[in-house]
Amino acid sequence: MNLNLKVDKTHRYDAIVVGSGMTGGMAAKELTEKGLQVLMIERGREVKHIEDYDTAMKGPWEFQHRGKISIHSAEEYWANSRFGNLANEETGEFFTDDKKNPYIEKRPFDWIRAYHTGGKSMHWGRQSYRFNKNDFEANAKEGIAIDWPIRYEDLEPWYTHVEKFVGISGQKENLEVLPDGHFLPAMPMSAPELYFKEQMMKKLNRPITIGRVANLTKPQPWHTELGRASCQYRSKCSRGCPYGAYYSSLSGSIPAARKTNKLTVLHDTIASEIIFDEKTQKATGVRVVNQKTLAVEEYFAKIIFLNAGSMNSAALLLNSKSNRFPTGFGNDSDQVGRNIMDHHLGVGANATVEGFEDDYIFGQRPNALYIPKFRNWGTDKRDYLRGFGYQGGASRSDWKRGITTDGFGATFKEDMTKPGSWVMGFGGFGEVLPNPENRMYLDKDKKDPYGIPMIVFDAAFGENEIAMRKDMMNAAVEMLEVAGFKNVAGFNRQDTHLGLGIHDMGTARMGKDPKTSVLNKFNQVHAAKNVFVTDGAAMVSSSCVNPSITYMAMTARAANHAVEELKKQNL
Ligand SMILES: Cc1cc2nc3c(=O)[nH]c(=O)nc-3n(C[C@H](O)[C@H](O)[C@H](O)COP(=O)(O)OP(=O)(O)OC[C@H]3O[C@@H](n4cnc5c(N)ncnc54)[C@H](O)[C@@H]3O)c2cc1C
Ligand code: SF4
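Residues numbered from 1 in each chain as written. Chains lettered and ligands numbered in written order. Predicted model: local features only at pLDDT ≥ 70, side-chain atom pairs only at ≥ 80, totals over all residues. Heavy atoms only, no water.

A. Structural view of the overall build of the chain. The secondary structure content of the chain amounts to 12 helices and 21 strands. Computed over the C-alpha atoms, the radius of gyration of the chain is 24 Å, within 12% of the 25 Å expected from 2.2 N^0.38 for a compact globule of 571 residues. The dimensions of the chain, computed from C-alpha atoms along their principal axes, are 80 × 55 × 50 Å. Burial status across the chain gives 59% buried among its 571 residues. Long-range contacts, defined as pairs at least 24 residues apart, comprise 72% of the intrachain contacts of the chain with a sequence gap of at least 6. Counting 73 positive and 69 negative side-chain charges, the chain places the averaged centre of each group 3 Å from the other. (Helix = DSSP H or I, 4+ residues; strand = E, 2+ residues; numbered from the N terminus. Rg over C-alpha atoms; globule rule 2.2 N^0.38 Å. Buried < 20%, exposed > 50% of the residue type's maximum accessible area, 1.4 Å probe, protein only. Contact = heavy atoms within 4.5 Å. Lys, Arg positive; Asp, Glu negative; His and termini not counted. Charge placed at Lys NZ, Arg CZ, Asp CG, Glu CD.)

Here it is as structure tokens:
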């Protein structure tokens, strides 16, 4: 028992939102704009928009290790460093120190976290694609896991709602596999990319589009009102954007929520338990631990939104035990923590492109091409289920090629001032099937530095993902060869685990039946309807497209329902 408990019954709000990341920000914006007094609880430190983007304007020469990670930092960021140093000198401040925030791996899990204001919205890749109709139907058609309790049409208006607010640049393509959204002007393709697009259509009947990306190409009045401006094509988004040109909670949803004067934010405050009232069978609030002082406090509200990221939201549910919920809050179905999904990556192909020497690119486009799913679509049938999309494109080698090129003197230097040859490459993002044996749970004995049970991961890719990966590589090689590019080389890295796809989801799935699911069709915990889980935990299947815009659409829809239900006094 923690004797530091300080209960202050004045800690009362209409709503508590746990987490200030992509979905927490959206929940706070929607709920405050509908008139609710909202308390946002964020476990990490405060990051102030623009003021705290310390590396945003630095050149490579201003970093001690020229932007690379030091050996010391690699130990701190051990999970981040396994595959490709996501947390380097330029971006490290927006990733979580794995050493200070340990977790247990029964099977390896690459857990990439961002504990601070804005969560992972600070350094996301901003790729934003709607799920298609089939994504919501495939489980039912194929007899996999359980059916979604919603269909595309339920989310469609909410996709439009959040896309308008966020600002997504993209090209309408009228494809069933990749539904169009509400777009700002698309970013341009380079000459080799346009050539590649044309070849793919002509020879493989395969459409390619420019990435749909949350960077403002033509800010609208509601963007500029929040101080957001046009993208400057610097491709340094993961350091924080001084122009507010890419969408994050810091540039978008939190300032919008603050404008209402109805938002209170607590930092360095870890939500550890949901408080449940056995009499009313409702949640009444959240117990928290101050990560600096370890003091425990309680906050109360009519409704609670869990937006701590899929794994942390599930951990919070599992750690909230009561007579009614002896195995964790809302866990009657034993599905909390199970069905971990992600996207698998680290597989694709590269090639060199001859010609196009007189074609240049404008600035540094913070975006790529997108090749929508084409496997198991239409008449195509494979010996595995579901499919994948590719992200990638063309670039020109720069002066760094000089590091591995022989030469010296004036001619060599002169050569390095000119752009090198074009290269083209694609990496796949593959759908992962839900599997109840892929799970996380809380260790019975081991606690983290804040006295909260440690998370244990026990999950791995299955046969379907492994079979899909081979095809992902071969299909990428085929496309580059068909386009006539040279030195085509496929890759299929074996050192990737679940988590690395940075789209972890599924640990508190929605469903029609409380016996097999945790949440109903409005993201409410079946057995305690004033608790909403609207991050990736709610997902029933993973599609192969980047998921954050779907999480945000789900969040806005749930917030709207919550307020309607509050007005009817149903919660
Ligand atoms: C490098 C990278 C690139 C990505 N690129 C894309 C992309 O191109 N497109 C896309 O769609 N998605 C992308 N993603 C994924 C995207 O970032 C996530 O889907 C999204 O941020 C999830 O939103 P969230 O609100 O669930 O979690 P987060 O954004 O991670 O926010 C969770 C917040 O909750 C806080 N928190 C956690 N536990 C607690 C607790 N117990 N108490 C209080 N606060 C807590 C955290 O500190 C954090 O601030 C990328 C992710 C990474 C890492
Ligand atoms: S590329 Fe655009 S969005 Fe990214 S940091 Fe630069 S200006 Fe901001």
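From this point, the discussion proceeds with the structure in view.
B. Seen up close, the UniProt feature "domain: Glucose-methanol-choline oxidoreductase N-terminal" (unreviewed entry) in the chain. The feature "domain: Glucose-methanol-choline oxidoreductase N-terminal" (unreviewed entry), as annotated in UniProt, sits at residues 230–343 in this numbering. When the span residues 230–343 is considered, its composition is 18% helix and 30% strand, and the gap between its end C-alpha atoms is 30 Å. (UniProt positions renumbered as here; feature names shortened; annotations may be inferred.)

C. Main features of the site of ligand 1. Taken together, 35 residues lie around ligand 1, and Thr23, Glu42, Gly125, Gln127 and Ser548 are the ones closest in. In the model, a nitrogen atom of ligand 1 is placed 2.8 Å from a nitrogen or oxygen of the Gln127 main chain. In the model, an oxygen atom of ligand 1 is placed 2.8 Å from a nitrogen or oxygen of the Ser548 side chain. For ligand 1, whose accessible area on its own is 990 Å², the fraction buried by protein is 95%. (Near = heavy atom within 4 Å. Polar contact = N/O pair within 3.5 Å; in protein donor to acceptor, adjacent residues only side chain to side chain. Areas by Shrake-Rupley, 256 points an atom, 1.4 Å probe, with all protein chains shown as cover.)

D. Fine view of the packing of aromatic side chains. According to the stated counting rule, one finds 22 aromatic pairs in the structure shown. Aromatic side chains Phe131 and Phe136 sit 5.7 Å apart centroid to centroid with 45° between the ring planes, which places their arrangement in the tilted category. Using a relative accessible area of 0% as the deciding quantity, one classes Phe131 as buried. An aromatic cluster is built from Tyr195, Phe196, Phe356, Phe374, Phe388, Tyr390, Phe426 and Phe485, whose rings are joined through pairwise contacts. The ring of Tyr115 has Arg43 lying over it, and the distance from NZ or CZ to the ring centre is 4.2 Å. Over the ring of Phe374 we find Arg206, and its NZ or CZ is 3.6 Å from the ring centre. (Phe/Tyr/Trp six-rings, centres within 6.5 Å; stacked < 30°, edge-to-face > 60°. Lys NZ or Arg CZ within 6 Å of the ring centre and 35° of its normal.)

E. Up close: the environment of Val17. Within the secondary structure layout, Val17 lies in strand 2 (residues 12–18). With a relative accessible area of 0%, Val17 lands in the buried category. Linking Val17 and Met189, residues 172 residues apart in sequence, is a C-alpha distance of 40 Å. Dropping the residues within four chain positions of it, Val17 is found in contact with Gly24, Ala27, Ala28, Leu31, Val38, Leu39, Met40, Ile41, Phe305 and Asn307.

F. Here's a closer look at the nonpolar core. Counting 126 residues, the largest nonpolar core has Phe196, Phe329 and Tyr390 as the members making the most contacts within it. Once residues within four sequence positions are removed from consideration, Tyr390 is found in contact with Leu369, Tyr370, Ile371, Phe374, Phe426, Gly427, Gly428, Asp471, Met472, Ala475, Ala476 and Met479. Ala257, Leu263, Phe305 and Phe532 belong to the second-largest nonpolar core, a separate cluster that totals 21 residues. (Core = buried A, V, L, I, M, F, W, Y, C linked by side-chain atoms within 4.5 Å.)

G. Fine view of the pairing of strand 10 (residues 282–290). As paired strands, strand 9 (residues 269–277) and strand 10 are joined by 8 bridges and run antiparallel to one another. Paired with Ile274 across the bridge in strand 10 is Val286. Counting the residues that bridge the hairpin from strand 9 to strand 10 gives 4 residues, and of these Gln281 lies at a positive phi of roughly 60°. Sheet topology note: the strand 10/strand 11 (residues 296–306) ladder contains 5 bridges and is antiparallel. (Pairing = 2+ DSSP bridges.)

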